[in-house]
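Observations on the model geometry
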Amino acid sequence: MLLRILIVTAVAAEADSVARGFTFGGPGSGEFPLPGGFVLRRHAGTGPEGRPAVVDVLVGGVGPASTATATATALAHASAAHDPADGPHAPYDLVVSAGIAGGFQPLAPLGSVVVSDVIVSADLGAQTPDGYLTVEELGFGRSSHAVDATLTRRISDALTRNERPHTVAPVLTVSTVTGTAERADELARRHPRAAAEAMEGFGVAEAAAAYGVPVVEIRAVSNAVGPRDRAAWRIGEALDSLRHTFQLLSTTVFVEPAP
């Protein structure tokens, strides 16, 4: 059962959509300032057996560095507020990177949702005459975070039961959004299972890993990965899909007992 959740978005419009999906906001809800100018939007309620449930929504900024900083700040603040007398406890039960994203076609149609089974930094490496090398191949660290398979299955099952179109697949993190067919093809060749591209997930995942907290990325698809065609973007539809997704999860996976 997940009773304390941190959801990190890039911008306020995404946070607003996520927050509108929640059906609770009782005593203890409100806005709480964090160091660095960040603000937590807290939604407090009651979970099964009357236990308190808290979902904090945080606007972390655009890009992996900004969201890593914001996520780490929230996790550090929650850790500092924990009373050691209560025993060892992670600052949150789950961290979620959420928002809209580009979808690789035809895997992730516009308006559908992508639930990550892996969060991948797609440009953390080096270009060489023989092709791209990941940071692992360079011997300097990691460029991906696997998501707990039980968690992704529970999220996927909840979406399936409620007939929400979705894909479980890798979500790529990039520092420069794809804007050409050539770049889209390159990413698809290197990551043939990838269904979505965004700019924050890996930063959120790095911070969560540092605190030992599980992480997942959930994205609603607003546009196709490839040439920039603003007339074809469906941002409003994607934000609405995001709201419906978190409305569903706030009454199922986020409060149900884990198997």
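Here goes a summary of the coordinates provided. (Residues numbered from 1 in each chain as written. Predicted model: local features only at pLDDT ≥ 70, side-chain atom pairs only at ≥ 80, totals over all residues. Heavy atoms only, no water.)

1. As for unusual backbone geometry
- Following Gln 105, the chain continues into Pro 106 via a peptide bond in cis, with omega recorded as 5°.
- Inspection of the secondary structure assignment puts Pro 106 in the loop between strand E5 (94-103) and strand E6 (113-121).
- A positive phi angle, close to 60°, is found at Glu 163, a residue other than glycine.
- Examined against the element boundaries, Glu 163 turns out to sit in the loop between helix H4 (149-161) and strand E10 (166-173). (Helix = DSSP H or I, 4+ residues; strand = E, 2+ residues; numbered from the N terminus.)

2. Concerning the environment of Phe 246
- Its place among the elements puts Phe 246 in helix H7 (residues 235-249).
- The class of Phe 246 is buried, set by a relative accessible area of 0%.
- In this structure, the C-alpha to C-alpha distance between Phe 246 and Val 55, residues 191 residues apart in sequence, is 11 Å.
- The contact partners of Phe 246, leaving out residues within four places of it in the chain, are Ile 7, Val 18, Gly 21, Phe 22, Val 96, Ala 98, Ile 218 and Phe 254. (Buried < 20%, exposed > 50% of the residue type's maximum accessible area, 1.4 Å probe, protein only. Contact = heavy atoms within 4.5 Å.)

3. Concerning the packing of aromatic side chains
- Evaluated as defined, the whole model comprises one aromatic pair.
- Both rings, one in Phe 246 and one in Phe 254, keep their centres 6.3 Å apart while their planes meet at 50°; by these two values the pair is tilted. One exposure class covers both Phe 246 and Phe 254, and it is buried.
- The lysine or arginine in question, Arg 4, covers the ring of Tyr 92, its NZ or CZ lying 4.8 Å from the ring centre.
- In this arrangement the basic side chain of Arg 190 is found over the ring face of Tyr 132, its NZ or CZ atom lying 3.7 Å from the centre. (Phe/Tyr/Trp six-rings, centres within 6.5 Å; stacked < 30°, edge-to-face > 60°. Lys NZ or Arg CZ within 6 Å of the ring centre and 35° of its normal.)

4. Overview of the packing of H4 against H7
- Interaxial distance between H4 and H7 falls to 10 Å at its minimum, and their mutual angle equals 110°. In terms of their interaxial angle, H4 and H7 are classed as roughly perpendicular. Counted together, Ile 155, Ala 158 and Leu 159 of H4 and Thr 245, Leu 248 and Leu 249 of H7 form the full contact between these two elements.
- A per-class count over the contact of H4 with H7 returns five nonpolar, one polar and no charged. (Axes fitted to C-alpha atoms, helices over the stretch in contact; angles between N-to-C directions. Parallel < 35°, antiparallel > 145°, perpendicular 65-115°, else oblique. Nonpolar A, V, L, I, M, F, W, Y, C, P; charged D, E, K, R; others polar.)

5. A word on the packing of helix H2 (residues 64-81) against helix H6 (residues 201-210)
- Axis separation between H2 and H6 bottoms out at 7 Å; the angle between their running directions is 30°. Overall, the two elements H2 and H6 adopt an arrangement that is roughly parallel. Crossing of H2 against H6: the hand is right-handed. Taking contact as the criterion, the partners of Pro 64, Thr 67, Ala 68, Thr 71, Ala 72 and Leu 75 in H2 are, on H6, Gly 203, Val 204, Ala 207 and Ala 208. (Left-handed = near helix turned anticlockwise from the far one by under 90°.)

6. A few points about the nonpolar core
- Core analysis: the biggest nonpolar cluster contains 49 residues, and Ile 7 and Phe 246 have the highest contact counts within it.
- Ranked by residue count, the leading element in this core is H7, at six residues.
- Not counting residues within four places of it along the chain, the set of residues in contact with Ile 7 comprises Val 18, Phe 22, Val 55, Asp 56, Val 57, Leu 58, Val 96, Ala 98, Phe 246 and Phe 254. (Core = buried A, V, L, I, M, F, W, Y, C linked by side-chain atoms within 4.5 Å.)

7. Regarding the pattern of salt bridges
- Within this structure, the stated rule accounts for nine salt bridges.
- Between Arg 193 and Asp 117 there is a salt bridge, and its shortest N-O distance comes to 2.5 Å. With Arg 193 in the loop between helix H5 (181-190) and strand E11 (196-198) and Asp 117 in strand E6, this residue pair connects regions lying 76 residues apart in the sequence.
- Looking at Arg 193, the relative accessible area reads 46%, which means it is partly exposed.
- Looking at Asp 117, the relative accessible area reads 17%, which means it is buried. (Salt bridge = Lys/Arg side-chain N within 4 Å of Asp/Glu carboxyl O.)

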